[in-house]
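Structural description and commentary
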Amino acid sequence: MATETKTHPVLCTQCRQPMDSPVCCAGCGALNALPPSMFTYFELFGIEQTYDVDPDELRRKYLDLSRSIHPDVAGRNSDQERKQALALSSGLNRAYDTLRNPVSRAEYLLQFAGGPSPADDKTVPGEMLAEVMMLREEIDEAARASDAAALKSIKADVTSRHDEALARITAICHGAGLADPAAQKELRQQLNAIKYWNNLLDQIPTPVET
Amino acid sequence: MDSSQTGNMSEIIIGIDLGTTHSLVAYCDQAGPHIIRDQNGEGRLPSVLRFEPDGTVVVGWEARTHAVEQPRSTVFSIKRLMGRGYDELVAAGALEHLPYPVVKRGSETPGRDIAAVDVGEKLLTPPEISALILRELRERASRQFGREVRKAVITVPAYFDDAQRQATRDAGQIAGLEVLRIVNEPTAAALAYGLGVRGQLRARAVERPPGAGTTTDGSAPARGRAGSPQTPDPGAGDDDSLIAVYDLGGGTFDVSILRLCGGVFEVLSTHGNTRLGGDDLDREIVTLIYNEIEREFGINIDSPATQQGIRSLAENVKIRLTPAESAAVEVDLGRGRVYRRTIARAEFERLIAHWIDKTLTSCRQALRDAKVAAGDIRQVVLVGGCTRIPYVRRRVEELFKRAPYTALNPDEVVALGAAVQAGILAGLEKDALLLDVIPLSLGIETMGGAMGKLILRNTRIPCQATERFSTFVDGQTNVKINVLQGERELAKDCRSLGEFELRGLPPMPAGIPKILVTFLVDENGILNVSAIEERSRKATSIQIAPTHGLTPEEVRRMELESYEHAREDMTAHRLIDLRNQIAFDTAKAEQMLAKVGDELDPPYRTEIEQAMRELRRLGETSMDPDAMHRALNAFDRKAVQLAERAIVSTLRAEP
Ligand SMILES: [Zn+2]
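Predicted, not measured: the structure shown is a model, and the values here were computed from it.

Cut-offs applied
Residues numbered from 1 in each chain as written. Chains lettered and ligands numbered in written order. Predicted model: local features only at pLDDT ≥ 70, side-chain atom pairs only at ≥ 80, totals over all residues. Heavy atoms only, no water. Helix = DSSP H or I, 4+ residues; strand = E, 2+ residues; numbered from the N terminus. Buried < 20%, exposed > 50% of the residue type's maximum accessible area, 1.4 Å probe, protein only. Contact = heavy atoms within 4.5 Å. Areas by Shrake-Rupley, 256 points an atom, 1.4 Å probe, with all protein chains shown as cover. Expected span 1.5 Å × (residues − 1). Arc of directions from axis to C-beta. Domains from an automatic or database assignment. Buried area = accessible area lost by both parts, 1.4 Å probe. Salt bridge = Lys/Arg side-chain N within 4 Å of Asp/Glu carboxyl O. Polar contact = N/O pair within 3.5 Å; in protein donor to acceptor, adjacent residues only side chain to side chain. Nonpolar A, V, L, I, M, F, W, Y, C, P; charged D, E, K, R; others polar. Donors = N, O, S within 2.8 Å, 3.2 Å for Na, K, Ca; no water. Tetrahedral: all angles 85-135°; square planar, octahedral: opposite > 155°, others 65-115°. Pairing = 2+ DSSP bridges. Patch = residues over 30% accessible without salt bridge, like charges linked within 9 Å, V, L, I, M, F, W, Y side chains within 5 Å.

This part covers the overall build of chain B. Of the regular secondary structure elements, chain B holds 14 helices and 28 strands. For chain B, buried positions account for 53% of its 655 residues. Summarising the internal contacts of chain B: among those between residues at least 6 apart in sequence, 68% fall at separations of at least 24. Total accessible area computed for chain B in this model is approximately 29,400 Å², and 51% of it derives from carbon and sulfur atoms.

Let us now look at helix H7 (residues 304-320) of chain B. Residues and elements named next belong to chain B. With 17 residues, H7 should reach 24 Å at 1.5 Å per residue; the first-to-last C-alpha distance of 24 Å fits that figure. Within the span of H7, buried status applies to Gln 308, Ile 310, Leu 313, Ala 314, Glu 315, Val 317 and Lys 318. In this structure, the buried residues of H7 make contact with helix H1 (61-65), helix H6 (278-297), strand E16 (326-332), strand E17 (338-344) and helix H8 (345-370).

All names here are of chain A. Taking 1.5 Å per residue, 17 residues should reach 24 Å; helix H6 (residues 128-144) reaches 24 Å between its end C-alpha atoms and fits that length. Every buried residue of H6 is listed here: Met 128, Val 132, Leu 135, Ile 139 and Ala 142. All buried residues of H6 fall inside an arc of 95° around its axis, so they share one side. Facing away from the buried side of H6 by over 90 degrees, the exposed positions are Met 133, Met 134, Glu 137, Glu 141 and Arg 144.

Okay, the domain arrangement of chain B next. Residues and elements named next belong to chain B. Per the domain assignment, the segments of chain B are domain 1 (3-189), domain 2 (206-274 + 354-411), domain 3 (278-351), domain 4 (435-564) and domain 5 (567-653). Listed per partner, the contact involves 9 residues of domain 2 and 7 residues of domain 4. Summed over both partners, the interface of domain 2 with domain 4 comes to about 660 Å²; 44% of that surface belongs to carbon and sulfur atoms. Of all residues in domain 2, Glu 266, Val 267 and Thr 270 give up the largest surface area on contact with domain 4, accounting jointly for 57% of the area buried on that side. Linking domain 2 with domain 4 are 2 salt bridges, by the criterion used here. Of the charged contacts in the structure, one is a salt bridge between Asp 369 and Arg 457, with a shortest N-O distance of 2.9 Å. Here domain 2 is connected to domain 4 by 6 residue pairs in polar contact (both at pLDDT 80 or more). At the level of secondary structure, the elements contributing two or more residues to the side of domain 2 that touches domain 4 comprise strand E15 (264-273) and H8. The element that contributes the greatest number of residues to the side of domain 2 that touches domain 4 is E15, accounting for 7 residues. The residue makeup of the side of domain 2 that touches domain 4, split by class, is 4 nonpolar, 3 polar and 2 charged.

Now for the coordination of the zinc ion. Under perfect tetrahedral coordination by four donors, a metal shows angles of 109.5 degrees; under perfect octahedral coordination by six donors, it shows angles of 90 or 180 degrees. Residues and elements named next belong to chain A. Donor atoms from the polypeptide that coordinate the zinc ion comprise Cys 12 (SG), Cys 15 (SG), Cys 25 (SG) and Cys 28 (SG), at 2.2 to 2.3 Å from the metal. Seen from the zinc ion, its 4 donor atoms lie at angles of 105 to 117°, and the figure they make is tetrahedral. Mapped onto the polypeptide sequence, the residues donating to the zinc ion form the spacing pattern C-x2-C-x9-C-x2-C. A residue is classified by how much of its surface remains accessible, and Cys 15, at 29% relative accessible area, is partly exposed.

Tallying the contact residues gives 28 residues for chain B and 25 residues for chain A. Summed over the three residues of chain B that lose the most area to chain A, namely Arg368(B), Arg460(B) and Pro462(B), the buried surface amounts to 27% of that side. Our count for the chain B to chain A interface comes out at 5 salt bridges. Close ionic contact of Glu266(B) with Arg59(A) constitutes a salt bridge, the shortest N to O distance being 2.3 Å.

Turning our attention to the sheet that holds strand E22 (residues 463-469) of chain B. Within a sheet, neighbouring strands are paired by backbone hydrogen bonds and run either parallel or antiparallel to one another. An order of E22-E25-E26-E27 (chain B) is seen for the 4 strands of this open sheet, with the pairing classed as antiparallel. Strand pairing shows two members of the sheet lacking a second neighbour, E22 and strand E27 (538-539) of chain B, which therefore form its edges.

Taken together, the side chains of Met447(B), Phe472(B) and Val473(B) present a nonpolar region at the surface, about 390 Å² in accessible area. Here Val473(B) lies in the loop between E22 and strand E23 (479-485).

Here Glu292(B) lies in helix H6. A polar atom in the side chain of Glu292(B) sits 2.5 Å from the side chain of Tyr339(B).

The next thing to look at is the environment of Thr20(B). Residue and element names in this part refer to chain B. Looking at the secondary structure, you find Thr 20 in the loop between strand E1 (13-18) and strand E2 (22-29). Along the backbone, Thr 20 and Ala 587 are 567 residues apart, and their C-alpha atoms lie at a distance of 49 Å. Setting aside its immediate chain neighbours within four residues, Thr 20 contacts Ser 47, Ser 77, Lys 79, Arg 80, Gly 250, Gly 251 and Asp 279. Only 3.3 Å separates the side chain of Thr 20 from the backbone nitrogen of Gly 251, close enough to count as a polar contact.

Residue and element names in this part refer to chain B. Examined against the element boundaries, His 97 turns out to sit in the loop between helix H2 (86-91) and strand E8 (102-105). His 97 sits in the partly exposed class, given a relative accessible area of 37%. Counting along the chain gives 391 residues from His 97 to Arg 488, while the straight-line C-alpha distance between them is 28 Å.

Laid out in structure tokens, this is it:
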């Protein structure tokens, strides 16, 4: 389909000006004919590849680009245009969802650095699995007894463990760099861990708020 | 660019709220969205149809008014059957309360399950019946604009799955409408609400003269909420705020959490129940009355007419209990037996509490999914007639800890929002943009009958996921994929959207072909599947057998049939009109002949008398409207001399 190849910086196929985001030309408004899969998620937004993403800036760029490429705006004239708008906005939506969440952002950076995938390495730090099993039993017991106070305290406990894991993830991403296999291994484990904590949080029934 | 949508430059796009109990149609121009009303100023069209034995269909108020007398031929709440299979509906007990007959439509494809309504001479699927409602609305719009309307935006409950959305789009096509967009009802409501507030802010900014002490900002013409008695919440107009839309309709419930910022309406999450609505609240009263009649008189209500009567009564009680503290009920059971009873508002509230509890559970889930607290919500917009019930308002207020926004007419706000979306598509609303989500996870059946999720619920749309498939046996040329929608772990507990069959794979050893399948959910929340074989980069043909829906061929056939039908109807109408005209013109000629016949030249008199007899005979026997039209014209020309003589005679007689 696309015969153009990727250049640096990306040039608009219409007006040949360098593009801020390869999704859509800020100058002439043309949509890029290249599939979004040819670019990193950071490139799609025209932002620096780093863990420290400014959420407000990301959101502003996301909304601005959506205004130009959403099928309601950009896909009305022909089937070809609509296909392009669908491809671009679904690519942009995925990139946005990945980058705005600190966990999926770390996962994306780890994958980019060539680190282990969740399928490659399923390990978690230290004694965590035993703790998870214990907490799961406590949740079941408290839910059976409809013990709102106990559920609340378990929730607080799991939330603090979740936050600890997130703090570690942030620290590793800020550290010496994800090229280091030891850093990759630790990040993998913490990302696996946070999945367990999230699952546990989902299992805690929310008592009816008063 | 500046051409109004109602001008001749661009094609009109209407916005339609296809509701369980009522449907509305609206359009958008530079001044904003407007409801298109009937001659009586009523915007709502009851989603009720009566099928007469002679094949004619009555849609709207008349069908609704006479539902009690004709319970078996009156179809209502068809939206509850859209995109759902007969077996499913039976399993859910959804057909028990319907007085009209619903059957399973025959199909050659095993596993396919489609419900249809038996309307006498034939079976009609829910999309075909909904199409009759859409056609009525389309004609109302065409009359308003004096030309054919062919394009529409149609709203659906946010919690509608793919099959229900497809069914709605099919209904539009059968009605001769190009459905440009399917929009979620709460999102449409937010659009109408948000533009109203923004319009008001703009109007205020314009109205306030620099340096002037007092302003009249209360009288600013606010779009969508003009003349409302309620002053807007001070936080509601913030240019970046969270709102919740609570939509309790006739048959469905939705809640959506949105972030409004600079004209972008971003849905963060949505939750709901497509089997919970005003119908269910009515049924609580119906059940109460049935049980008490049985206890008191030992009578089982089994006549469809009485059932329908009690249903209407229950709906009426629900409506009366909004302003009143109690409502009196009386049912004449014949032979001097009369059931009498007063239902207090508190009692009604106890009866419906468990339903409202369910809606609040959905609200809490939506808040969780949006990762916001109830207290972060700046405004709660109410949609649907049932949100007029004081108990519903009270419970919603308790949850969100703020009084809901009630200035918008909850019956009209969705149609107005649909018209705004039509305006966006027509380029009239350049500021606004909707970013919506998929309400239910999408996936495929994996080995062992599990649901393998590919796209999670509340993912922004458009979105896509890809999955690789291969073959299990040597030389296999077909691969079947069962596509599912739902949140449950097992495939059997989710809804099957259809079997997608990849065909024509080159025969290779097992596991060698690599087929990349792309699942794309478009801006309408509708799934599109495509596949390529990665080695050959060849697109693979996909055969889709919708489990509960219609194939594109079936929809096209229905569209054609309904078009033919419309032509027949038109011919019938024309014949009746022409016959009336012939009867009128010949009777008039006869009168004139009696008065002035003696004054005419004898040959002319003979000629006109003969022409009159021939035309009469033609009017009574002919089925050819064109021949009748020609004959009528010829006769009228011939009769000019007669008419002139008659006028002269009248003038003579007058002084
Ligand atoms: Zn350009």
